[in-house]
Amino acid sequence: MKAISLLAAAALLAAVPAQAQQEAPPLPYTQTGSVTLPSSDTGWDYVKFEPGSARLFMGRLKDGLTVYDVDRGQAIKTMENSAGANGPALLPEYNRGYVAMDDGSLLSFDLKTLKLIARTKLASDGGLNSGSLDPATGRFHVITGTRPKEATWFSIDAATGKLLATTRFPFRKMDDPAADGKGHLYAPARLDGIVLKLDSSTLKEQARWDVGCNVSKMKYLVATDRLLGACTGDKPSVFLMDPASGRILSRVPIGKGIDALAYDEERERIVSSNYEGSMTVVAREGADTLRLVGTIRTAFGARMMDMDHRTGRLYLVNAASTDFPGKDGEEEVTRYHPDSFRVETWQPN
């Protein structure tokens with residue numbers, strides 16, 4: 001009897017790992033490719049898909065704006081006169097591409113032919129960070145990077161590139177607003193931890209809401225009439241907000257150093273890419289609830305990515321780097337290794 005009991009216990013113990021393995025949740029994404037491109041020691045900033053296409057536009061500072069075909073797995077062009085590329089925006093409805101440049105200029109080009117149209121100086125006190133379209137007005141708003149006292153928005157006619165207005169806000173750092181397409185913009189003021197509700201025609205403030213963290217990303221979710229936000233800093237998180245009242249409905253912690261946020265409407269899934277070397281995957285459950293799915297470990301510095309909405313695949317960029325100590329107590333200096341810039345493909349499951 002004792003021998004039989006021991007055998008039964010051993011069989012039970014052996015079954016536990018197999019059962020636990022069967023019950024393990026599926027991986028949300030798996031890496032299926034990595035392509036290394038020629039590069040200098042440059043850093044980079046935003047990478048953006050042209051909607052509905054295979055073309056990923058990557059703002060590489062010294063190396064310029066690189067156009068990468070994800071279906072072919074290769075770079076197809078570097079835009080002329082594009083050294084200093086920081087934040088690309090692709091507007092197929094106007095056959096225009098715009099790039100916020102680190103010298104304060106705005107580069108514009110023909111989206112079909114990739115021919116340069118102009119490189120126009122806008123800011124004389126530093127670089128431009130990024131830009132976004134307001135579909136309700138046809139205006140493309142370009143925003144300055146961090147400044148000592150105030151952020152500047154340059155409002156451009158998206159069809160022609162003509163400067164229409166210059167608006168200043170009393171915040172050191174602002175990021176791209178979310179447009180609801182109904183006459184409102186929801187603009188994050190990162191260092192102040194607030195979201196402004198603006199009239200999209202006049203940019204006049206209609207409301208402001210304290211979100212309790214360094215909010216840097218905002219997206220409007222059309223299907224549910226909700227705002228999706230994300231925060232960096234010492235309280236990194238994603239949250240859902242009611243655009244009528246500014247009330248936060250749900251919040252989930254994410255990895256440190258978010259620099260890109262993607263929303264997969266088909267899978268009701270949110271992904272942030274974080275400088276610490278992670279991607280945080282969050283599920284949207286109903287209009288008002290978020291749930292943490294898991295944290296994917298990537299590599300330190302892998303902070304920029306975008307989603308190909310044709311397939312749901314994520315394209316994450318990074319490069320090998322070395323950090324050197326700063327002089328006289330200053331911040332450390334990062335140098336990127338030449339010919340190490342890579343584009344990784346992550347397949348949704």
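Everything numeric here is computed off the predicted structure, so don't read it as measured data.

### Concerning the sheet that holds strand β19 (residues 226–232)
Alright, step 1. Here we have four strands laid out as an open sheet, ordered β18-β19-β20-β21, and antiparallel in their pairing. The strands lining the two open edges of the sheet, one partner per strand, are β18 (214–221) and β21 (248–253). Shown here is a sheet whose adjacent strand axes are inclined to one another by a mean of 20°, direction ignored.
Alright, step 2. Sheet topology note: the β19/strand β20 (residues 237–241) ladder contains five bridges and is antiparallel. Bridge assignment links glycine 229 to a residue of β20, and that residue is phenylalanine 239.

### Quick word on the state of the cysteines
Alright, step 1. With the rule as written, the count across this model stands at one disulfide.
Alright, step 2. In this model cysteine 213 forms its disulfide with cysteine 231; the gap between the sulfur atoms is 2.0 Å. Here the disulfide of cysteine 213 and cysteine 231 is right-handed, its torsion about the S-S bond being about 45°. Here cysteine 213 is found in the loop between β17 (205–210) and β18, whereas its partner cysteine 231 is found in strand β19, with 18 residues between them in sequence.

### Topic: the environment of leucine 116
Alright, step 1. Structurally, leucine 116 can be placed in strand β9 (residues 116–121).
Alright, step 2. Sequence separation of leucine 116 and glutamate 80 is 36 residues, and the distance between their C-alpha atoms is 6.8 Å.
Alright, step 3. The residues touching leucine 116, leaving out its near neighbours within four places in the chain, are Met79, Glu80, Asn81, Leu107, Ser108 and Phe109.

### Regarding the pairing of strand β10 (residues 128–134)
Alright, step 1. For β10, a buried count of seven out of seven residues is recorded, marking the element as mostly surrounded by other parts of the structure.
Alright, step 2. Where β10 meets strand β11 (residues 139–144), six bridges bridge the pair, whose relative direction is antiparallel. Across the sheet, leucine 133 pairs through a bridge with phenylalanine 140, a residue of β11.
Alright, step 3. Hairpin geometry of β10 and β11 is characterised by an intervening segment of four residues between the two adjacent antiparallel strands and by a positive phi of about 75° at glycine 138.

How each quantity is defined
- Residues numbered from 1 in each chain as written.
- Predicted model: local features only at pLDDT ≥ 70, side-chain atom pairs only at ≥ 80, totals over all residues.
- Heavy atoms only, no water.
- Pairing = 2+ DSSP bridges.
- Helix = DSSP H or I, 4+ residues; strand = E, 2+ residues; numbered from the N terminus.
- Axes fitted to C-alpha atoms, helices over the stretch in contact; angles between N-to-C directions.
- Disulfide = S-S within 2.5 Å.
- Contact = heavy atoms within 4.5 Å.
- Buried < 20%, exposed > 50% of the residue type's maximum accessible area, 1.4 Å probe, protein only.

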